[in-house]
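So you can see what is in the structure, the chains are spelled out below.
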Amino acid sequence: SLLATVAGQFAEARQLFSPRYLPRFRIVSLLWNCVYLVIAPSVAFWSIYAREEVGMTPAEVGNVVMWAYIAGAFGHLLAGQLVDRIGRKRTCAAFYGIAAFAIVGLFQTDTTAGQYFWHIATVFFFNCAIGATHVYASELFPTELRATGYGWTTNLFGRITEVAIPYLIGQLIPVFGISWAITAVAIGPLLGAVLVLRYAPETRGLTLEQIQEKLALEADAAQARRRA
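Presented here is a report on the structure given in the accompanying data block.

About the thresholds
Residues numbered from 1 in each chain as written. Predicted model: local features only at pLDDT ≥ 70, side-chain atom pairs only at ≥ 80, totals over all residues. Heavy atoms only, no water. Salt bridge = Lys/Arg side-chain N within 4 Å of Asp/Glu carboxyl O. Helix = DSSP H or I, 4+ residues; strand = E, 2+ residues; numbered from the N terminus. Buried < 20%, exposed > 50% of the residue type's maximum accessible area, 1.4 Å probe, protein only. 1 Å grid on protein atoms, 1.4 Å probe; cavity = no way out; pocket = protein on both sides within 12 Å on 5 of 7 lines; lining within 4 Å. Points joined across faces, edges and corners; volume = space filled by probe spheres on them. Nonpolar A, V, L, I, M, F, W, Y, C, P; charged D, E, K, R; others polar. Expected span 1.5 Å × (residues − 1). Disulfide = S-S within 2.5 Å. Arc of directions from axis to C-beta. Contact = heavy atoms within 4.5 Å.

## Concerning the pattern of salt bridges
Piece 1. A full pass over the atoms with the stated rule returns 4 salt bridges.
Piece 2. Across the pair Arg-20 and Asp-220 runs a salt bridge whose closest N-O atoms are separated by 2.6 Å. Linking Arg-20 in the loop between helix H1 (2-13) and helix H2 (22-54) with Asp-220 in helix H10 (residues 208-227), this pair joins segments that are 200 residues apart in sequence.
Piece 3. We note a salt bridge from Arg-159 to Glu-162, for which the minimum N-O separation is 2.8 Å.
Piece 4. Under the relative-accessibility criterion, Arg-159 is labelled partly exposed at 24%.
Piece 5. Taking the relative accessible area as the measure of exposure, Glu-162 reaches 29% and is therefore partly exposed.
Piece 6. Members of the salt-bridge network, linked through shared partners, are Asp-84, Arg-88 and Glu-139.

## Re the layout of surface pockets
Piece 1. One number sums up the size of the largest pocket: a volume of about 560 Å³.
Piece 2. Lining the largest pocket we find 20 residues, and of these Pro-23, Arg-24, Arg-26, Tyr-199 and Glu-218 sit closest to its centre.
Piece 3. Per-class residue counts for the lining of the largest pocket are 12 nonpolar, no polar and 8 charged.
Piece 4. Considered as a void within the structure, the second largest pocket measures approximately 280 Å³ in volume.
Piece 5. Every residue lining the second largest pocket is counted, 15 residues in all, and those nearest its centre are Ser-42, Val-43, Tyr-69, His-119 and Val-123.

## Here's the deal with helix H5 (residues 112-139)
Piece 1. Between its first and last C-alpha atoms H5 spans 41 Å; for 28 residues at 1.5 Å apiece the expected length is 40 Å, and the two agree.
Piece 2. By the criterion of burial, H5 is predominantly enclosed, with 20 of the 28 residues buried.

## Let's talk about the state of the cysteines
Piece 1. One pass over the full model with this rule turns up 0 disulfides.
Piece 2. Summary of cysteine pairing: Cys-34 is not part of a disulfide, and the nearest cysteine sulfur, belonging to Cys-92, is at 9.9 Å.
Piece 3. Residue Cys-34 is classed as buried on the basis of its relative accessible area, which comes to 7%.
Piece 4. Free cysteine: Cys-128, not disulfide-bonded; nearest cysteine sulfur from Cys-92 at 11 Å.
Piece 5. Residue classification places Cys-128 among the buried residues on the basis of a relative accessible area of 0%.

## Some words on helix H9 (residues 187-199)
Piece 1. Compared with the 18 Å implied by 1.5 Å per residue over 13 residues, the 18 Å span of H9 between its first and last C-alpha is a close match.
Piece 2. Listing the buried residues of H9 in full gives Gly-188, Pro-189, Gly-192, Ala-193, Leu-195 and Val-196. Projection of H9 onto a plane perpendicular to its axis shows the buried side chains occupying an angular sector of 165 degrees, all on one side. Opposite its buried face, H9 presents the exposed residues Ile-187, Val-194, Leu-197 and Arg-198, each directed more than 90 degrees away.
Piece 3. Against H2, helix H4 (88-107) and H5 lie the buried residues of H9.

Below you can see the structure in the form of structure tokens.
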């Protein structure tokens, strides 16, 4: 029955909160929230900023978005190459930092040419960061929990800021203005870069089975230290 299926799904999901899997669940959820801390308000408020603060026409806004998302597709490709060449940690942290810089440039520039440049850069580098984060979200959970772990971290717990931050920005805009309200949340990806370097595992060159073995040994060692 449907009820039994749903109950089974929740029973499976509870395993994500066990000591073995909680650190993985936590880091992936935190990384997504750091990304959406900026992506959500920038998507919600950029067209308003472009029209009201920069003076762009609706046609210009649409043109910028078109070119930005064409460039963004190549961001996913670049991230896919770099996670295997220089590693997950360095790729993810670097693009989080660059994306934060780009979003500040986007909302602190008041020329049409600047909007083209910074919007394309923002979408490109955030897509790089998102691509690297997707790798973590899909690699860190064992086969029997991979779909559940990915879904709960990426589509549920990882999107808290996507829902909450646009409302908060809306409250800050009358006080600080749209530019500085958005600039303030650029700390999100910078925090994400720190979290990656400090807590995310490096899985470059490992098979999915080797990743699970490595993470299981680390979880067991952490539990042993807590008991000592």
